[in-house]
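# Working through the structure, step by step
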Amino acid sequence: MAYFIERLDRLNQRFLQEAVAVLVISFHRDLVFLNRTDEQLIKAIAPTFKREQVYVAIENDKVIGLAVYSTSTSYSQVLSLRHAIRSFGMWKGYLCWISMNRKPIRLADDQCYIEDVATHPEHRRKGVAHALMNVLMQDVNNMEYVLEVVDTNDAAISVYTDLGFYKYHAVKENKHVQKTLGYSERQYMKRAT
């Protein structure tokens, strides 16, 4: 089946919910600390997205993938402390607010940070992530693109390498993270246009 890619702000609200669902399914392991159901996570996360900074792949009128970006002047998600605490409770909400409101790297004016790339599990290995990244980089015409990926995500690393990204930095994780989440380092990759 053929899919097409569109910026989320050009679509109706239903597609936002579906896009966040793909994100939650794809990053469930990272979100499990919030101790919520997928439906609760979708409800809490959806209002935080700036839809004009989200690209989605659509097949048969369903979102099958997304790519999200930030720049030095515009983050892809805006989460208020009040919304975070209301959604996740005092302690977890505060931790979520802190983690979402800080970026792992400082962006220059000519950089685009690829926040999230996710494909629904039923549609992986079909070129969806590759196509999303190509459209995003064509539309967001910055001079340099940067992203973060964990060392165990071989499929993502392969896509990014195919697109011309290379590893320029890595940060080792502590033993607790390694044991809990299963990866030992975060890799930072970049691509100049």
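You'll find the structure just up there.
Residues numbered from 1 in each chain as written. Predicted model: local features only at pLDDT ≥ 70, side-chain atom pairs only at ≥ 80, totals over all residues. Heavy atoms only, no water.

Here we come to helix H1 (residues 13-26). End to end, H1 covers 20 Å across 14 residues, agreeing with the expected 20 Å (1.5 Å per residue, within 8%). Near the N-terminus of H1, the side chain that reaches the backbone nitrogen of Arg14, with its oxygen 3.0 Å away, is that of Asn12. (Helix = DSSP H or I, 4+ residues; strand = E, 2+ residues; numbered from the N terminus. Expected span 1.5 Å × (residues − 1). Polar contact = N/O pair within 3.5 Å; in protein donor to acceptor, adjacent residues only side chain to side chain.)

Our focus in this paragraph is the environment of Glu52. Its place among the elements puts Glu52 in the loop between helix H3 (38-45) and strand E2 (54-59). Overall, the relative accessible area of 36% leaves Glu52 in the partly exposed class. Setting aside anything within four residues of it in sequence, one finds Glu52 in contact with Arg7, Asp9 and Tyr69. (Buried < 20%, exposed > 50% of the residue type's maximum accessible area, 1.4 Å probe, protein only. Contact = heavy atoms within 4.5 Å.)

For any pair of aromatic rings, the description rests on two quantities: the centre-to-centre distance and the angle between the ring planes. The full count for this structure, using the stated rule, is two aromatic pairs. When the centroid spacing of 6.5 Å and the interplanar angle of 35 degrees are considered together, the rings of Tyr55 and Tyr69 count as tilted. Highlighted residues: Tyr55 in strand E2 and Tyr69 in strand E3 (residues 62-71), separated in sequence by 14 residues. Exposure remark for Tyr55: the relative accessible area of 2% places this residue in the buried category. With a relative accessible area of 11%, Tyr69 lands in the buried category. The ring of Phe15 carries Arg14 above its face, with NZ or CZ at 4.1 Å from the centroid. A cation over a ring is seen here: Lys190 above Tyr168, with NZ or CZ 4.4 Å from the ring centre. (Phe/Tyr/Trp six-rings, centres within 6.5 Å; stacked < 30°, edge-to-face > 60°. Lys NZ or Arg CZ within 6 Å of the ring centre and 35° of its normal.)

Just geometry here; none of it tells us what the structure is for.
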